[in-house]
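The chain contents come next:
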Amino acid sequence: MYYSNASKNNIKAKEGFNIGKTLSSIKNDFSLYLLLVVPMIFLFLFSYKPMYGLIIAFKDYVPPMTIAESPWIGFDIFKEIFQSNQFYKVLRNTLILNGLDLITGFPAPIILAILLNEVRVKWFKKTSQTLLYMPYFLSWVIIAGIMYQLMSPETGLINILITNLGGTAVPFLTEKLMWVVSYNLIGIWQSAGWGTIIYLAAITGINSELYEAAVVDGAGRLRKIWHITLPGIRPTIIALLIINLGRIMGSSFDRPFTLGNAMVMDNADVIATYVYREGLQSVRYNLATAVGLFQSVVGFVLVLISNYFSKKAGEGGIF
Amino acid sequence: MKSFKIKVTSMLLVSVLLIGSLAGCGGGNKKAEEQKPQAQETKTDKPSGEAVEIKIPVYERGNQGQPPAENNYWTKWIAEKALKDINVKVTYVPIPRTTDIDKFNMLLAANQAPDVIFSFDYPVMTAFYGRGVLQEIPKDMLKSVAPNFVKFVGEETLKYGEVGGKQYYLTAKRPLSYTPYTAIIRQDWLDAVGMKNPTNTDEFIAVMKAFKEKDPGKLGAKNTIPMSYSLKAAKSQVQNYGFRPDPLPEEELAMYSDVQLGALTWAPEKERLKFLNQLYLEGLMSSEWALDKDNKKAEADFMSGKAGIFHFATGPMASNPPIAQTLVKNVPTAKLSVLDFGWQTKPGNKNTGRDYWPFGIMSGINKSCKNPEAVLKFFDWMSKPEILNVLQNGVEGKNYTLKDGVPVPVAGFKGEESLLNGTGKDIWCLVTEGKDTGDPVQNLKVETIQRAPAGFEYLWQQSFDQMSKQKRYPDFLFDKPVTSTTKYVKALDAKWEESLAKVIMAKKGEFDATYDKACKDYLAAGYQEILAEKKKLYDEMKAKK
């Protein structure tokens, strides 16, 4: 009852802004608006209020001085960042690693979800689903520990197997390019199962009559997937793609930090680890903030652009 | 009616949520308010005046089987006793040993740093001083409030805590300038191959080759690791002494001898790396050393009897972790010796090493500390013999028994009065690095009894004898902070690890090219700037004299 009421008001509101109408709609659905206040407060406290700290990027802030007391330095820190070779290296690594994740890691859950959807035996489907998203709940520290046990060049289980079978050991985690591949595959292994949940939910939402009609028309399994399942989850795919594009500049810290080692630093050092080391550990909070700001701005622009194109292509976008 | 009920229920739910979230926001303040009355409560049973609360840092080493460093029998004992004796309420703040500087910085940024900020490293303290983190300790106040401390440490030693004639650090006493950061070798392997403890790099390589080829451990040549090694062991910044010229010009000492920064570009360091490169190429050390960040794999290899040499890279030889004890359990025939300190000394070079300054940990008083007097009172109280003796030895009859006036620890004592990490040093290191009997020989004896692994006291003695043979240089002390060090030290630390991995593992014939490339990167990552600043400061200091 409330739901329908609110949506009716929403439609009205779109027609034009009118104070009287707005007030009366607030009055009508007072409890709903009150409920909205809670997440709003949360958002304000934890997303907007900390933005005050962004001014650190333009200040020479070194504790014990407070942020307000620290002198302004303008764009000095940005100049320093954009002149340092190290920054371009970590930027390149971030883009390469995240780009690879996007290319290989983004389709993986879609494929997996479709495969799971086609499984007929219920218990098998359930069990494999659970097994698939298990790794998502492991912390990266544990995953890295396991992977080093398995993949070390000489003492790793996999390489012991390979050498005993007469092959030569593969430097999964110690050679730069191999490391990138391993990093990528381990990432897919960890998160693909979890990613299927949203797609499976979207697939459930597809009208089953469509499938029945397709069967009547003589469509095989692949045809059904191609013409019904995939178009059915297209909006979900697009929305997730846009969100993921926004993340291409950002990077998780724990994954590269735990999987990286001294031998592959050339490829493993990403923005997050750079900020941790040269910003936080070196007490250069302005550098950390400036890089963070840069990351957010680029991410935001990427989201806007992809949203724009997705709207152009008739997919609606996410806002 | 029904809709009214729903409305009321939802309003109630919402208000609960709201109150909940608001309460969550106010949490920080509330806590602080809650703590206050507690402090006042304790005050009531005080004879005079209000108890002053101070926060003191303590190193948390994360060793297995130890109680939390900030909350155990001894911290409680101190809190109780100090409150009674000097009306000071002491709470401890744990500082992880391996990331101590980070932790202090974090606490400083959050304005929650303890009243005392300490470090064993002089450059770290000068950096804190340079940032304005510390407050001056007026000398007259020090003398009037902490006369016992001044007398105990000695004015000569306290002078090292001065910057420009003003006292900033409270330096602890160092009665015995010795800590066994050392390496041990399998004496039974040496005997089996019929060789002597190697005294220079050539002899060392010969011994390592013998270990590999003759396989004295009967493990199969493929499984024998002549020298267990780790990134941690390679990283230790002060190992190039054996490749330094002697006498070493003071300027070079000032520029390159630094416990925080690897001197990658310095000629002696290049020679050390070349030596390690040779060991690596000939398969004489752990092949996966660069993946072993914390020396744990090296520990495991040595304890299981697979390796011929072990480096105590994460801390001095001590009863915990039980390296030697576990080895002997696994391989009952194993015998150990301290590896001759000359093992990484170029043939013909003098065996030199790093010396300590005559002070231990340096404690500064946080600028935001409201009661520097209470801190001084606490230091003064701790340096009183009746307190220090208890902190260092524990309870007579439980932790130790007296034998000829020397407290001998009760073997295997496991009660709650157990000293933290076997010595309790992290608590009393504020005033001294060790026990002082007034006699160096006796000091070593006392230290050995308390700190060496049980049954392996002779290793301590051997290591001490080795050290006594060396000519030792303490690091150069700059009178001003080298500000660029703070700025670049972490970046350079990461580069240092990367360079070590690349250079030591350089393929045959590629060593020089790899080294030159690494040096270029290292200089560009900030080392150039640090060297320039050090040179400037050094020249200024010389000009003054």
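For clarity, every value in this text was computed on a predicted model and none was experimentally measured.

Calculation notes
Every chain is numbered independently, its residues counted from 1 as its sequence is written. Written order determines the labels here, with chains lettered from A and ligands numbered from 1. Selection of residues for local features in this predicted model requires a pLDDT of at least 70, selection of side-chain atom pairs for listing and counting requires 80 or more, and totals for whole chains, interfaces and linings are taken over all residues. Side-chain measures were taken over the full set of non-hydrogen atoms in the model, leaving aside hydrogen atoms and water. Helix and strand assignments come from DSSP, with helices taken as H or I runs of at least 4 residues and strands as E runs of at least 2, each series counted from the N terminus. Taken over C-alpha atoms, the radius of gyration is set against a globule rule of 2.2 Å times the number of residues to the power 0.38. Only protein chains enter the accessibility calculation, which uses a 1.4 Å probe. A residue is then buried if its area is under 20% of the maximum for its type, exposed if over 50%, and partly exposed in between. The contact definition used throughout considers only heavy atoms, calling two residues in contact when any of these lie within 4.5 Å. Computed with the Shrake-Rupley method and a 1.4 Å probe, the accessible areas treat only the protein chains shown as cover for residues. For a helix, the expected span equals 1.5 Å multiplied by the number of residues minus one. Among the buried residues, those of types Ala, Val, Leu, Ile, Met, Phe, Trp, Tyr and Cys that are joined through side-chain atoms within 4.5 Å form a nonpolar core. Ring geometry is summarised as follows: Phe, Tyr and Trp rings, the Trp one being its six-membered ring, pair when their centres sit within 6.5 Å, and such pairs are stacked at plane angles under 30 degrees, edge-to-face over 60 and tilted between the two. Each ring is checked for a lysine NZ or an arginine CZ that lies within 6 Å of its centre and within 35 degrees of its normal; such an atom marks a charge sitting over the ring. Within this document, salt bridges are pairs made up of a side-chain nitrogen of Lys or Arg and a carboxyl oxygen of Asp or Glu, the two lying within 4 Å of each other. Inter-axis angles, ranging from 0 to 180 degrees, are taken between N-to-C directions of lines fitted to C-alpha atoms, where helices are fitted over the stretch in contact. In this scheme, roughly parallel covers angles under 35 degrees and roughly antiparallel covers those over 145, while 65 to 115 is roughly perpendicular and the rest are oblique. The handedness criterion is simple: a crossing whose near helix is rotated anticlockwise from the far helix by less than a right angle is left-handed, and one whose near helix is rotated clockwise is right-handed. Gly is put with the polar residues, along with every residue not named as nonpolar or charged; the nonpolar set is Ala, Val, Leu, Ile, Met, Phe, Trp, Tyr, Cys and Pro, and the charged set is Asp, Glu, Lys and Arg. Should DSSP find at least two bridges between two strands, the strands are taken to pair. Domain boundaries shown here were taken from an automatic or database domain assignment. The term buried area denotes the loss of accessible surface (1.4 Å probe radius) that occurs when two parts are joined, taken as the sum for both partners. Two N or O atoms form a polar contact when they lie within 3.5 Å of each other; inside protein one atom must be a possible hydrogen donor and the other a possible acceptor, and for residues adjacent in sequence the pair counts only when both atoms belong to side chains.

A.B. asks: Account for the overall build of chain B, naming residues and giving values.
C.D. replies: From N to C terminus, chain B includes 22 helices and 15 strands. Here the C-alpha atoms of chain B give a radius of gyration of 27 Å, agreeing with the 24 Å that 2.2 N^0.38 yields for 545 residues. Each of the three principal axes of chain B carries a C-alpha extent, and together these read 85 × 75 × 60 Å. Split into buried and exposed, the 545 residues of chain B put 51% on the buried side. Restricting to contacts in chain B with at least 6 residues of sequence separation, those with at least 24 account for 77%. Taken as a whole, chain B presents about 24600 Å² of accessible surface, with 54% of it coming from carbon and sulfur.

A.B. asks: Account for the overall build of chain A, naming residues and giving values.
C.D. replies: Counting secondary structure elements, chain A contains 17 helices and zero strands. Radius of gyration (C-alpha) of chain A: 25 Å, far over the 20 Å computed for a compact globule of 319 residues. With respect to the three principal axes, the spread of C-alpha positions in chain A is 65 × 65 × 35 Å. Looking at the 319 residues of chain A, the share that counts as buried comes to 39%.

A.B. asks: Please set out helix H17 (residues 285–312) of chain A residue by residue, giving values where relevant.
C.D. replies: The first and last C-alpha atoms of H17(A) sit 40 Å apart over 28 residues, in line with the 40 Å expected at 1.5 Å per residue. Downstream of H17(A) by one or two residues, Gly314(A) has phi in the positive range, about 85°.

A.B. asks: Residues and numbers for the nonpolar core, please.
C.D. replies: One finds Trp179(A), Phe204(B), Met208(B), Met227(B), Leu279(B) and Trp289(B) to be the most contacted residues of the largest nonpolar core, which totals 83 residues. Looking at which element gives the most residues to this core, the answer is helix H22 (residues 511–544) of chain B, with 12 residues. In contact with Leu279(B), not counting residues within four places along its chain, are Phe204(B), Ile205(B), Met208(B), Met227(B), Leu284(B) and Met285(B). The next biggest cluster of nonpolar side chains, apart from the first, holds 66 residues, and it includes Val116(B), Leu134(B), Val375(B) and Leu391(B).

A.B. asks: Hey, could you go over the packing of aromatic side chains for me, with residue numbers and the actual values?
C.D. replies: Across all of its chains, the model carries 51 aromatic pairs over all chains by this definition. Geometrically, the ring pair formed by Phe378(B) and Trp381(B) is stacked, given 5.8 Å between the ring centres and 25° between the ring planes. Of this pair, Phe378(B) and Trp381(B) both sit in helix H16 (residues 372–382), separated by three residues, roughly a single helical turn. Accessibility assignment for this pair places Phe378(B) and Trp381(B) in one class, buried. Through a chain of ring-to-ring contacts, three or more aromatic side chains come together here, namely Phe82(A), Phe87(A), Tyr88(A), Tyr274(A) and Phe294(A). The aromatic ring of Tyr183(A) is capped on one face by Arg255(A), whose charged end is 3.9 Å from the ring centroid.

A.B. asks: I'd like a description of the pattern of salt bridges, backed by residues and values.
C.D. replies: The tally for this structure, following the rule as stated, stands at 42 salt bridges over all chains. Among the salt bridges present, the one from Lys502(B) reaches Asp266(A), with a minimum N-O distance of 2.9 Å. Taken together, the residues Lys502(B) in helix H21 (residues 483–504) and Asp266(A) in helix H15 (residues 265–268) connect one chain to another. Salt-bridge contacts for Lys81(B) lead to Asp85(B); the nearest nitrogen and oxygen are separated by 3.8 Å. Of this pair, Lys81(B) and Asp85(B) both sit in helix H3 (residues 73–86), separated by four residues, roughly a single helical turn. Here the salt bridges share partners, and the residues they tie into one network are Lys89(A), Lys176(A), Asp266(A), Lys495(B), Glu498(B) and Lys502(B).

A.B. asks: Requested: an account of the packing of helix H10 (residues 176–204) of chain A against helix H13 (residues 234–246) of chain A, with residues and values cited.
C.D. replies: Residue and element names in this part refer to chain A. For the pair H10 and H13, the least separation of the axes is 9 Å and the interaxial angle reads 155°. Taken together, H10 and H13 sit at an angle that is classed as roughly antiparallel. Seen along the crossing, H10 lies across H13 with a hand that is right-handed. When H10 is examined against H13, the residues Ile198, Tyr199 and Ala202 are found in contact with a partner set consisting of Thr236, Ile237 and Leu240. Its residues assigned to classes, the contact of H10 with H13 comprises five nonpolar, one polar and no charged.

A.B. asks: Describe the sheet that holds strand S8 (residues 183–186) of chain B, and please don't skip the residues or the numbers.
C.D. replies: Residue and element names in this part refer to chain B. Taken in spatial order, the three strands make up an open sheet running S9-S8-S10, and their pairing is antiparallel. On the outer flanks of this sheet lie strand S9 (309–311) and strand S10 (336–338), each paired with one strand and no other. Here the average twist between neighbouring strands, direction ignored, is 25°. With three bridges joining them, S8 and S9 adopt antiparallel strand pairing.

A.B. asks: Please set out the domain arrangement of chain A residue by residue, giving values where relevant.
C.D. replies: Residues and elements named next belong to chain A. Domain boundaries assigned for chain A yield domain 1 (1–58) and domain 2 (62–312). Placing a centre on the C-alpha atoms of domain 1 and another on those of domain 2 gives a separation of 33 Å. On the domain 2 side, the residues contacting the seven residues of domain 1 number 14 residues. Taking both sides of the interface into account, the surface hidden between domain 1 and domain 2 amounts to around 900 Å²; carbon and sulfur atoms contribute 79%. If you sort the residues of domain 1 by the area they bury against domain 2, Ile56, Ala57 and Phe58 come out on top, with a joint share of 69%. Inspection of the domain 1/domain 2 interface yields zero salt bridges. In this structure, the connection of domain 1 to domain 2 is made through one residue pair in polar contact (both at pLDDT 80 or more). Considered class by class, the residues forming the side of domain 1 that touches domain 2 number six nonpolar, one polar and no charged.

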